[in-house]
Protein chains: 2
Amino acid sequence: MERIKFTLEEKDMPTAWYNIQADLPEPLPPALNPVTKKPLGPADLAPLFPMELIKQEVSTERYIEIPDEIQDLYKLWRPTALFRARRLEKALDTPAKIYYKYEGTSPPGSHKPNTAVAQAYYNKQEGVKRIATETGAGQWGSALAFGGACFGIEIKVYMVKVSYYQKPYRRVMMQTWGATCIPSPSQDTKAGRDMLAKDPDCPGSLGLAISEAVEDAASREDTKYSLGSVLNHVLLHQTVVGLEAKKVLEQIDAYPDMIIGCVGGGSNFAGVFLPFLKDKIDGTKPDLRIINVEPFSCPTLTKGPYAYDFGDVAGLAPIVKMYTLGHGFIPPPVHAGGLRYHGMAPIICHVLNLGLVEARAVHQLETFEAGITFARSEGIIGAPETDHAVRVAIDEALKCKESGEAKTILLAHSGHGHFDMAAYEDYLAGKLENYEYPKDKIDEALKELPKV
Amino acid sequence: MERIKFTLEEKDMPTAWYNIQADLPEPLPPALNPVTKKPLGPADLAPLFPMELIKQEVSTERYIEIPDEIQDLYKLWRPTALFRARRLEKALDTPAKIYYKYEGTSPPGSHKPNTAVAQAYYNKQEGVKRIATETGAGQWGSALAFGGACFGIEIKVYMVKVSYYQKPYRRVMMQTWGATCIPSPSQDTKAGRDMLAKDPDCPGSLGLAISEAVEDAASREDTKYSLGSVLNHVLLHQTVVGLEAKKVLEQIDAYPDMIIGCVGGGSNFAGVFLPFLKDKIDGTKPDLRIINVEPFSCPTLTKGPYAYDFGDVAGLAPIVKMYTLGHGFIPPPVHAGGLRYHGMAPIICHVLNLGLVEARAVHQLETFEAGITFARSEGIIGAPETDHAVRVAIDEALKCKESGEAKTILLAHSGHGHFDMAAYEDYLAGKLENYEYPKDKIDEALKELPKV
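The model shown is predicted, which means the values in this text are computed figures rather than measured ones.

A. The arrangement of helix 12 (residues 267–281) of chain B in detail. All names here are of chain B. For helix 12, with 15 residues, the first-to-last C-alpha span of 20 Å sits near the 21 Å given by 1.5 Å per residue. Along helix 12, the largest kink reaches about 45 degrees and is centred on Leu274; proline Pro275 follows within four residues of it. For helix 12, a buried count of 13 out of 15 residues is recorded, marking the element as mostly surrounded by other parts of the structure. Directly beyond the C-terminal end of helix 12, a positive phi value near 90 degrees is found at Gly283.

This is the structure:
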């Protein structure tokens, strides 16, 4: 019988995260203060983040040690398994070798806790008693709730109101881990109250929820803020996934020809590919292909300009250089809520701009079709976000079938879809549609880019 | 750092299931034909099950080889990890060593696919094209849907109507894996049509759904029937869990003082404890304690008589000797739907009657309290069924705290609660209640035991 599951031994788990900033051919463009438009310094971030995370954000050390307490927590679900998708390969009748690294076995069901427990740890170390954050569909909020439970830190989650009522189970998960979760806009902040005064029925938005969480953190001495993607230190923590994948592939003498993952803020996929990108940058693996997959309806990397823009809708967050559709752009309501972000992690944008990675946009219906093929062969029902990556992995495997090439594909499988079954139901009932590239709305939003 | 996760290497996975029937001090009392009341023969079961499963049902071979195809499928999620619950131990401040074997990482999220893929395999081997089954809350139906997808067998699931509408996501899971799932009572069977003629608004019951699935299978040449618990061959397949646990404990030189699990039909817990029970029967481990945990509201093992009774409400299923509350007993609506069965696996009943294992009943509120303690320390949010076992594991660990004994506890953790968050929500909102032991209803139901 052929092996299909490859897992590191606990003793071989990574003990340091990999920091791509040590190896970038050019440094990242600096982030800017949203008010002064001057390069951002540690003092600008100190009200929001613990100093250790601010240091990680700008560090150029190649490896940053993972504290023992975090390594111990990782062991609750790490190392995660790398699978050889032999049943999928057979279903596709492809000579390609498809591997997938599966993050769905963590308590919240995705890669998110890799950074949530790390962020909670550093906050705890610096005496922080309480963390405020925002969440859209609830994936990040539940991961940080879990992180808070690990260290006895109070977690307050501002959850976009429409999701709070439509997706109650992620909220209950947060409460089960002890967090407080309220619908945004709320009465708890000025930003929320102002919005409710204008529009009592406002359904909320991620941008507004960010504003509430940031205001909460900035206005209380005992509270910091936490973000679940985009920032350099978040991507850093996620490299534990790619480091594990790389080591276990080494053990079986394999190396990917291409790595495929979905990108919303970008932390899941960057966490997988950055340790491999090192080999492309240093010339060891010049032909390695890295494919970022995004929705056609929110085509940040494939259609946006590379420009300075705000990270949030309200213009309170730092200005960063990234591919962007404009901070005011509201994408169509595709089910992959985690991919509906106007911008993208600056690190991913930078390496895309340098030509080191590529990007591809896919339509919603085709992603669910791929997700169902995957579920019926490999068993796992993936999150709609992840199904975007599965779509492209299948496409590439089918190209191999045509060309006869036995390429090795590494798929970043970020999590399960247990809280997204309503989306599968809509797809199976023929109720979903594809959205065209929303050119007019993007052109409109791009007029509002900040002048720097 | 101390290890907390222990996983067998793929090469050490069990290659045979363990059959307790080889080692029982007395053989099981025979099952009886529901009509003739004579001991059941293979011919009675042939319309419903493939011959290989009928053979396994009565086999006294100690080990039954796991076919390669099933071993390959097991590898999609097996071996599952054995965890040392160090964070829970710390939270309880107990000297007890708590280990838990976690089955929640399988595609459907529980132990159920261990037998679902095996049953689908044997049906496939014998040319069966289609399998009919019933499901209550959907845990078993989704596992068999997954099993059907693995072998290209059509699966028809009769899902209790009230659950079909209240818990739509398990149904969508089944559909995602390609199964057909309809609400029971349905127009597809005489049993269903008769009931709908009498009561068009009938909410359905597990007993009625069994009748529909059995009628479906018995009336079609291409179709067999499948059951997800209770039967000897189902428990046999589940021993893969206990065999893994035993081997990995051996590797770290540990052996449990007690094993604790929840029981509805009994297959999950029996799968864990049977390979250890062997050591108690042969005298190697005379002091091993095995604690079956059930709800106070459905106290089959703790309050029922050991008597011959029907396996289903309608009296179509075989008559077996078991602890029973009467086949007409309808338990109060506790959230642990998988534990609401009037009877229990004959193997468990037999070894309880022989004094080899013990049983304990717990109240609903206390199980959720335990589940939340577990979630906040170990991360995993368990199924409400599993929380029953967690409750007793915590109680025993707290007894160790009092006595100062460092006992080793093995907890059978059967699965996650991702589809049960509504139950947690009700608990957290203070909406749940404890149910008293429903003595009058049980006494009433026990009047209807069949005369044999």
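B. Representation of helix 2 (residues 51–58) of chain B. Residues and elements named next belong to chain B. The set of residues buried in helix 2 consists of Leu53, Ile54, Gln56 and Glu57. The buried residues of helix 2 all sit within an arc of 160 degrees when viewed along its axis, so they share a single face. Buried residues along helix 2 sit against strand 2 (16–18), helix 1 (42–45), strand 3 (63–65), helix 5 (113–125) and helix 11 (232–251).

C. Representation of the relation of the copies chain B and chain A. Aligned on chain A, chain B shows an RMSD of 0.0 Å; the corresponding rotation is 180 degrees and the shift along the axis is 0.0 Å. The relationship between the two copies is best expressed as a two-fold rotation axis. In terms of proximity to the rotation axis, the leading residue of chain B is Thr105 of chain B, whose C-alpha is 3.0 Å off the axis. Taken together, the interface assignments show that 100% of the residues at the interface of chain B recur at the interface of chain A, consistent with an identical surface on both copies.

D. Looking closely at the sheet that holds strand 6 (residues 130–135) of chain A. All names here are of chain A. Across the sheet, four strands lie side by side as 8-7-6-9; this open sheet has parallel pairing. Two strands in the sheet have a free side with no partner beyond their single neighbour: strand 8 (180–184) and strand 9 (223–225). Shown here is a sheet whose adjacent strand axes are inclined to one another by a mean of 25 degrees, direction ignored. Looking at chain direction, strand 7 (residues 154–160) and strand 8 are connected through five bridges and run parallel.

E. Focus on the pattern of salt bridges. Inspection of the entire model under this criterion finds 54 salt bridges over all chains. The partner of Glu10 of chain A in a salt bridge is Arg3 of chain B, with the nearest N and O atoms 3.9 Å apart. Here Arg3 of chain B lies in the segment before strand 1 (5–6) and Glu10 of chain A lies in the loop between strand 1 (5–6) and strand 2 (16–18), a pairing that spans two chains. Residue Glu10 of chain A is classed as buried on the basis of its relative accessible area, which comes to 14%. Among the salt bridges present, the one from Lys156 of chain B reaches Asp188 of chain B, with a minimum N-O distance of 2.7 Å. Pair noted here: Lys156 of chain B is in strand 7 (residues 154–160) and Asp188 of chain B is in the loop between strand 8 (180–184) and helix 9 (190–198), with a separation of 32 residues, a long-range link. A relative accessible area of 45% means that Asp188 of chain B is categorised as partly exposed. Connected via shared salt-bridge partners are Arg289, Glu358, Arg360, Glu396 and Lys399 of chain A.

F. Molecular detail of the interface of chain B and chain A. The interface of chain B with chain A comprises 46 residues on the first partner and 46 residues on the second. Of the roughly 4100 Å² buried between chain B and chain A on both sides combined, carbon and sulfur atoms contribute 60%. Joining chain B to chain A, the criterion identifies four salt bridges. We note a salt bridge from Arg171 of chain B to Glu425 of chain A, for which the minimum N-O separation is 2.9 Å.

G. Representation of the side chain of Thr80 of chain A in the model. All names here are of chain A. Structurally, Thr80 can be placed in the loop between helix 3 (68–74) and strand 4 (82–84). Taking relative accessible area as the criterion, Thr80 reaches 2% and is therefore assigned buried. Polar side-chain contacts of Thr80 include one of 2.8 Å to the side chain of Glu103.

H. Representation of the confidence of the model for chain A in the model. For chain A, per-residue confidence averages 95 on the pLDDT scale, and 100% of positions sit at 70 or higher. Interface confidence for the predicted complex, given as ipTM, is 0.95, next to a pTM of 0.96.

I. Focus on the sheet that holds strand 15 (residues 408–413) of chain A. Spatial ordering of the open sheet is given by 1-4-5-15-10-11-14 (chain A), a layout of seven strands whose pairing is mixed. Sheet topology places strand 1 and strand 14 (358–362) of chain A at the edges, where each strand pairs with a single neighbour.

Parameters at a glance
- Residues numbered from 1 in each chain as written.
- Chains lettered and ligands numbered in written order.
- Predicted model: local features only at pLDDT ≥ 70, side-chain atom pairs only at ≥ 80, totals over all residues.
- Heavy atoms only, no water.
- Helix = DSSP H or I, 4+ residues; strand = E, 2+ residues; numbered from the N terminus.
- Expected span 1.5 Å × (residues − 1).
- Bend = angle between axes of the 7 residues up to and from the residue.
- Buried < 20%, exposed > 50% of the residue type's maximum accessible area, 1.4 Å probe, protein only.
- Arc of directions from axis to C-beta.
- Contact = heavy atoms within 4.5 Å.
- Least-squares fit on C-alpha atoms with pLDDT ≥ 70 in both.
- Pairing = 2+ DSSP bridges.
- Axes fitted to C-alpha atoms, helices over the stretch in contact; angles between N-to-C directions.
- Salt bridge = Lys/Arg side-chain N within 4 Å of Asp/Glu carboxyl O.
- Buried area = accessible area lost by both parts, 1.4 Å probe.
- Polar contact = N/O pair within 3.5 Å; in protein donor to acceptor, adjacent residues only side chain to side chain.
- pLDDT = per-residue confidence, 0-100.

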